Amino acid sequence: MIEQLTSLLSDYTFQLVALGTGFLGLLSGVIGTYATLRKESLLGDALSHAALPGIAIGFLFIGRKEWIVLMIGAAVSGLFATFLIQWMSRKNVVKFDSALSLILSSFFGLGLVLLTYIQDQPNANQAGLDNFIYGQASSMLLSDVRMISIIGIVLLVLVGVFWKEFKVFTFDPVFAQTAGFSSSILQFLLSTMMVLVIILGLESVGVILMSALVIGPSVAARQWTDRLSGVMGLAGVFGFFSGVIGTILSSLGKQIPTGPTIVLVMSVFVVFSLFFAPNRGLIRKYISQKKQQQMYKKQMEGKKEGKEYAG
Amino acid sequence: MNQTAIHIEQLTVAYQAVPVLWQVGLNIQKGKRTAIIGPNGAGKSTLIKSILGLMTPLTGEVDFSVKDGEWSEYKSIKKSVAYVPQKSSVDWDFPTIVLDVVVMGRYGHLGWFKRPGKKDMALAEEMLVKVGMHSFKDRQISQLSGGQRQRVFLARALVQQAEIYLLDEPLAGVDMKSEKVIMELLEELSSAGKTVIVVHHDLQTVKEYFDEVVFLNREVVAAGSVATTFTEDIIEETYRKDHSVAERVDQL
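Residues numbered from 1 in each chain as written. Chains lettered and ligands numbered in written order. Predicted model: local features only at pLDDT ≥ 70, side-chain atom pairs only at ≥ 80, totals over all residues. Heavy atoms only, no water.

An unreviewed UniProt entry lists chain B under the name Manganese/zinc/iron transport system ATP-binding protein, from Desemzia incerta. Per its UniProt entry, chain B bears the Sequence similarities (unreviewed entry) comment "Belongs to the ABC transporter superfamily." (UniProt positions renumbered as here; feature names shortened; annotations may be inferred.)

Going by an unreviewed UniProt entry, chain A carries the name Manganese import system permease protein ScaB and comes from Desemzia incerta. In the Subcellular location (unreviewed entry) part of its UniProt record, chain A is described as follows: "Cell membrane".

All right, on to the overall build of chain B then. Scanning chain B for helices and strands turns up eleven helices and nine strands. Relative to its length of 252 residues, chain B is compact, with a C-alpha radius of gyration of 18 Å against a globular reference of 18 Å. With respect to the principal axes defined by its C-alpha atoms, chain B has extents near 60 × 40 × 35 Å. Within chain B, buried positions represent 55% of all 252 residues. Taking the contacts inside chain B whose residues are at least 6 apart along the sequence as the reference set, 70% of them involve residues at least 24 apart. A total of about 11,600 Å² of accessible surface is found on chain B, and carbon and sulfur atoms cover 48% of it. For chain B, the centre of its 29 positive side-chain charges and the centre of its 33 negative side-chain charges are spaced 8 Å apart. (Helix = DSSP H or I, 4+ residues; strand = E, 2+ residues; numbered from the N terminus. Rg over C-alpha atoms; globule rule 2.2 N^0.38 Å. Buried < 20%, exposed > 50% of the residue type's maximum accessible area, 1.4 Å probe, protein only. Contact = heavy atoms within 4.5 Å. Areas by Shrake-Rupley, 256 points an atom, 1.4 Å probe, with all protein chains shown as cover. Lys, Arg positive; Asp, Glu negative; His and termini not counted. Charge placed at Lys NZ, Arg CZ, Asp CG, Glu CD.)

Our focus in this paragraph is the sheet that holds strand β1 (residues 4-15) of chain B. Residues and elements named next belong to chain B. On the basis of which strands lie adjacent, the open sheet formed by three strands has the order β2-β1-β4 and antiparallel pairing. The outermost strands of the open sheet, each flanked by one partner alone, are β2 (18-29) and β4 (59-64). Across the sheet, the axes of successive neighbouring strands diverge by a mean angle of 15°, strand direction being ignored. Note that β1 and β2 share eight bridges and pair antiparallel. Bridge pairing links histidine 7 to asparagine 27 in β2. (Pairing = 2+ DSSP bridges. Axes fitted to C-alpha atoms, helices over the stretch in contact; angles between N-to-C directions.)

The next thing to look at is helix α3 (residues 41-49) of chain A. An α-helix turns once per 3.6 residues; consequently, residues spaced three or four apart project the same way. All names here are of chain A. Within α3, seven of the nine residues are buried, which leaves the element mostly enclosed by the surrounding structure. Residues of α3 that are buried: Leu43, Gly44, Asp45, Ala46, Leu47, Ser48 and His49. The inward-facing, buried residues of α3 abut α4 (51-62), α5 (67-90), α6 (96-119), α11 (183-205) and α12 (210-222).

Here we take up the UniProt feature "transmembrane region" (unreviewed entry) in chain A. All names here are of chain A. The UniProt record marks residues 12-35, 42-62, 68-87, 99-118, 145-163, 196-216, 228-249 and 261-283 with the feature "transmembrane region" (unreviewed entry), using the residue numbering of this structure. Along residues 12-35, the helical share is 100% and the strand share 0%, with 34 Å between the first and last C-alpha atoms. Taken end to end, residues 228-249 has its terminal C-alpha atoms 31 Å apart, with 100% of it in helix and 0% in strand.

Further remarks concern the sheet that holds strand β3 (residues 33-37) of chain B. Residue and element names in this part refer to chain B. Within the open sheet, the six strands sit side by side as β5-β6-β7-β3-β8-β9. Their pairing is mixed. The two strands at the open ends of the sheet, each matched to only one other strand, are β5 (81-84) and β9 (219-225). On average, each strand axis in the sheet is inclined to that of its neighbour by 15°, with strand direction left out of account. Relative to strand β7 (residues 195-199), strand β6 (residues 164-168) is paired through five bridges, and the arrangement is parallel.

Let us now look at the side chain of threonine 195 of chain B. All names here are of chain B. Positionally, threonine 195 belongs in strand β7. Taking the relative accessible area as the measure of exposure, threonine 195 reaches 1% and is therefore buried. A distance of 3.3 Å separates a polar atom in the side chain of threonine 195 from the backbone nitrogen of glycine 31. Among residues more than four places away in sequence, those in contact with threonine 195 are Ala5, Ile28, Gln29, Lys30, Gly31, Lys32, Glu163, Ile164 and Tyr165. (Polar contact = N/O pair within 3.5 Å; in protein donor to acceptor, adjacent residues only side chain to side chain.)

Quick look at the interface of chain B and chain A now. Each partner contributes residues to the interface: chain B has 32 residues there, and chain A has 30 residues. For the pair chain B and chain A, the summed buried area comes to about 2,800 Å², and 65% of that belongs to carbon and sulfur atoms. Three residues, Phe94, Pro95 and Trp112 of chain B, lead the burial of chain B against chain A; their summed loss comes to 26% of the area buried on that side. Across the chain B-chain A interface, the total number found is six salt bridges. (Buried area = accessible area lost by both parts, 1.4 Å probe. Salt bridge = Lys/Arg side-chain N within 4 Å of Asp/Glu carboxyl O.)

Looking now at the confidence of the model for chain B. When pLDDT is averaged along chain B, the result is 90, and 94% of the positions lie at 70 or above. Across the interfaces of the predicted complex, the ipTM metric reaches 0.89, alongside a pTM of 0.88. (pLDDT = per-residue confidence, 0-100.)

Residue and element names in this part refer to chain B. Its identity as a non-glycine residue notwithstanding, glutamine 161 has a phi of 45°, on the positive side. Relative to the helices and strands, glutamine 161 resides in the loop between α6 (146-158) and β6. One non-glycine residue, glutamate 169, adopts positive backbone phi at about 50°. Summarising the element assignment, glutamate 169 is placed in the loop between β6 and α7 (176-191). Judged by relative accessible area, glutamate 169 falls into the buried class, the value being 17%.

Here we come to the pairing of β1 of chain B. All names here are of chain B. Connecting β1 to the next strand, β2, in antiparallel fashion are two residues, including glutamine 16 with a positive phi near 50°. Examined bridge by bridge, β1 and β4 share five bridges and lie antiparallel to one another. By the bridge assignment for β4, threonine 12 is matched with threonine 59.

Under the criterion given, the structure shown has 18 aromatic pairs over all chains. The interplanar angle of 65° and the centroid separation of 5.2 Å between the aromatic rings of phenylalanine 162 of chain A and phenylalanine 113 of chain B together place this pair among those described as edge-to-face. With phenylalanine 162 of chain A in the loop between α8 (142-161) and α9 (163-171) and phenylalanine 113 of chain B in the loop between α4 (107-110) and α5 (118-130), the pair connects residues from two separate chains. For phenylalanine 162 of chain A, a relative accessible area of 10% corresponds to the buried category. You can call phenylalanine 113 of chain B partly exposed: its relative accessible area is 45%. Among the aromatic residues, those joined into a ring-pair cluster are Tyr34, Phe162, Phe166 and Phe181 of chain A together with Trp112 and Phe113 of chain B. A cation over a ring is seen here: lysine 164 of chain A above tyrosine 107 of chain B, with NZ or CZ 5.5 Å from the ring centre. When the ring centre of phenylalanine 153 of chain B is taken as reference, the NZ or CZ atom of arginine 156 of chain B above it lies at 4.3 Å. (Phe/Tyr/Trp six-rings, centres within 6.5 Å; stacked < 30°, edge-to-face > 60°. Lys NZ or Arg CZ within 6 Å of the ring centre and 35° of its normal.)

Let's shift gears to the pattern of salt bridges. Within the structure shown, the criterion is met by 16 salt bridges over all chains. A salt bridge links glutamate 66 of chain A to arginine 64 of chain A, with the nearest nitrogen and oxygen atoms 2.4 Å apart. Classification of arginine 64 of chain A by relative accessible area gives partly exposed; the value is 40%. Among the salt bridges present, the one from glutamate 184 of chain B reaches lysine 180 of chain B, with a minimum N-O distance of 3.6 Å.

The following block contains the structure:
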């Protein structure tokens, strides 16, 4: 086991993949912080699930796995789905949650049907297309890691440049508008960044679980700090280690897809944070609640006794 | 000396097909505290949002006079208008501290990309002292009571150093101490020549707190100085009268 691990860690391909998923996790954590604070986690879920038919259609168009074409397909169908959800709930056709699950599952269903159809075709190029469902980081190439790094650095720079604007818009969008910051520009920027991160993760984490990687790290990070910069930084760290450790676990086993292992590692971070965080953790909350109750109880008993003596 | 700060003409606003404000015409006096009074759903918040350009009216316009004798649209005097939204409009569990929220009031003056500097920080601290919240400046905002949240929002408006202040129900769910602090500051602002407009829900305190009053129920029922306009008859008319605008439209 140890031997296996050391040989794995010194393997160039593995290092490359782990670096890729780690950086991906970092980005998901940072950008996902805006999504959870804006309460748009569910839209991220819809976006990633709904990307699947776009990937399939992209493949059908050119007949081979050209990364950029598949990703454009994913972005278009994901964005179209989120647009449909928002339109349906705004026009009161159906409620938001119903619209969300309807669109999410029907797009995903369409994606599965198309993928099955493609796999029945006598086209050898389709091999590995089903990796997009559960994610397979080992298919990552140097060019993929380079792509993740370039887009990632651009996104991080954007976060830095628009720090003040994104912050006020996330906290109080109406106030941001009255302060002269166009909400349509900021909304567009944030959505685009979110779409980019999700798309980057589709191949290694998969459409089903990618949204968890976007939401989870910031939920865990929120437990430990009360500052936006702190939440974002810690979410990046949690995301990074989820990616790296998840990739290690998936490579140790045989044929375990990376998506599930990454998300499982992340869930450990989340569960640990929810229970053990110093101020907001459930255990701490439980203890202080009990203490409070004990104190009231004592006070009440004290009063009762006092009354009895008086009577 | 009566000067107009905001001139509203023939303002009609609708949510989808339902008109909420119907041909509202108003002159808001400069340097006065004006209360906007009316029942629930009378369009008070909508009026504030329309003044701020957050809603596009069907018809009508709003003009501002910040300098003497010059009329401008909202866009060109944006920085001279401060807005205090209802405190329920944001998530108070947002990971930030009191001082940060107040500094946000400077963002409008800073514009895109420029970061708040020492001056902005100093101003934010000064205003926190004014609203009696300076000792809370490093607190996480979720730890504040309703009244304290409102005072933080007021401090955020104060650092904008605006000419016109619009407040949406600043006294709703607020403790006595906070109410006193807020109203004293608004009085201070108006004596310094600033214009203060407040959506207000408590009829008991109108006479004590305000100079001018606007009775609104989809349309303007009455507007004028508190001394002459705040009468039993007008209050009753505002709250009783069926101001369903949809019916009025049918009659046209």
